[in-house]
Amino acid sequence: MGLHQSDKKSSVIEVLVVTKELLGGTNSFIKDIRSIEKVSNYRFFFCLLRKNLLVHFDNKQTIYLNEAYPEDYKISFRKIITFLKLFLGLLVLLNVKKNKIVMTLDLYSYIILSLLKLFTFQKYRLIFHVNNNIDEIIQDKDNLIYRRFLKMAFSKLVHVSDFIVCVSKGLRRPLIKKYEVSGKIEVVYNDVSEAYKEPPN
């Protein structure tokens, strides 16, 4: 994943990062990848589903789809509207920005981006950054129907991704064993910016 200095001479590659919010590890990760802009031809834009006090980015690089993320996991008509709102909002955003690379850091966003790529013939490369155990995330949901939906959806859509990045071998191992994604999965430890700064061996 290293980038040589000569790469800077090529045209800018815009990466759209879609995630729920900027909290904890997600906030740290996004700070890291923004530092990559200084040493590469990548430029990152962010689409956040919830706005909070930890936002540090200028408005030109950050887009908010407010109230596009479910606050609880009970099945209701409002949740369907929320899902459709995010689906259509991201579709419009992708058609306007025409990003060639899209990265997401949460399961809910990944499922929607996978569906968009699968059914709307979007041509972006989809990267799923995994910093928590997917099965544990699903099991933590209170609603049984929602858990089953996430489990079924992820098992079907995991192969839509072009690349999966895990922050540890412990997270990579169950994904390879359960979902057979060994050909598209890699481990990149924090600090991720160092992985981009150093040329490959």
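Keep in mind that this is a model prediction, so the values were computed, not measured.

Parameters and conventions
The numbering scheme is per chain: residues are counted from 1 as the chain's sequence reads. The predicted nature of this model means local features are confined to residues of pLDDT at least 70 and side-chain atom pairs, given and counted, to a pLDDT of 80 or more, with totals for whole chains, interfaces and linings taken over all residues. Side-chain measures were taken over the full set of non-hydrogen atoms in the model, leaving aside hydrogen atoms and water. Joining through side-chain atoms within 4.5 Å is the link that ties buried Ala, Val, Leu, Ile, Met, Phe, Trp, Tyr and Cys residues into a set, and such a set is a nonpolar core. Type-normalised accessible area, obtained with a 1.4 Å probe on protein chains alone, sets the label of each residue: buried when under 20%, exposed when over 50%, and partly exposed for intermediate values. We count a stretch as a helix when DSSP gives it H or I for four or more residues in a row; a strand needs E for two or more, and each element gets its number in order from the N terminus. Contacts between residues were defined by any pair of non-hydrogen atoms, one from each residue, lying within 4.5 Å. A helix is expected to reach a length of 1.5 Å times the quantity of its residues less one. Arc definition: it is the arc formed by the directions from the helix axis to the C-beta atoms. Here a polar contact means two N or O atoms within 3.5 Å. Within protein one must be a hydrogen donor candidate and the other an acceptor candidate, and residues neighboring in sequence count only if both atoms are side-chain atoms. Axis angles are defined between N-to-C directions and span 0 to 180 degrees, where every axis is a line fitted to C-alpha atoms and, for a helix, only to the segment in contact. We call two directions roughly parallel when the angle between them is under 35 degrees, roughly antiparallel when it is over 145, roughly perpendicular when it lies between 65 and 115, and oblique otherwise. Handedness of a helix crossing follows the sense of rotation of the near helix relative to the far helix, less than a right angle counterclockwise being left-handed and clockwise being right-handed. Three categories are distinguished: nonpolar for Ala, Val, Leu, Ile, Met, Phe, Trp, Tyr, Cys and Pro, charged for Asp, Glu, Lys and Arg, and polar for the others, with Gly belonging to the last.

Caption draft 1: Spotlight on the nonpolar core. Ranked by size, the top nonpolar core spans 41 residues in total, and within it Leu-90, Leu-113, Leu-116, Phe-154, Ile-164 and Leu-175 carry the most contacts. Per-element tally for this core: the top contributor is helix 3 (residues 107-119), with eight residues. If we ignore the near neighbours within four places in the chain, the residues touching Leu-116 are Phe-87, Leu-90, Leu-91, Leu-94, Phe-121, Gln-122 and Tyr-124.

Caption draft 2: Representation of helix 5 (residues 144-157). In a regular helix each residue adds 1.5 Å, so 14 residues correspond to 20 Å; helix 5 covers 20 Å between its end C-alpha atoms and thus fits that length. When we look at burial in helix 5, the residues that qualify are Tyr-146, Arg-147, Leu-150, Ala-153, Phe-154 and Leu-157. The buried side chains of helix 5 occupy one side of the element, clustering within an arc of 140° when seen end-on. In helix 5, those exposed residues whose orientation departs by more than 90 degrees from the buried face are Ile-145, Arg-148 and Lys-156. Where helix 5 is buried, its residues contact helix 3, strand 5 (125-130), helix 4 (134-139) and helix 6 (169-179). Measuring from the side-chain oxygen of the N-cap residue of helix 5 to the backbone nitrogen of Ile-145 gives 3.0 Å; that N-cap residue is Asn-143.

Caption draft 3: Structural detail: the side chain of Gln-122. Inspection of the secondary structure assignment puts Gln-122 in the loop between helix 3 and strand 5. A distance of 3.2 Å separates a polar atom in the side chain of Gln-122 from a polar atom in the side chain of Asn-95. Once residues lying within four places of it in the same chain are set aside, the contact partners of Gln-122 are Leu-91, Leu-94, Asn-95, Leu-116 and Lys-117.

Caption draft 4: Focus on the packing of helix 2 (residues 77-97) against helix 3. One way to put it is that helix 2 packs onto helix 3 with a least axis distance of 10 Å and a crossing angle of 60°. By the angle between their axes, helix 2 is oblique relative to helix 3. Handedness of the crossing formed by helix 2 with helix 3: right-handed. Across from Thr-82, Phe-83, Leu-86, Phe-87, Leu-90, Leu-91 and Leu-94 in helix 2, the residues of helix 3 making contact are Tyr-108, Ile-112, Leu-113, Leu-115 and Leu-116. Of the residues belonging to the contact of helix 2 with helix 3, the class tally is eleven nonpolar, one polar and no charged.

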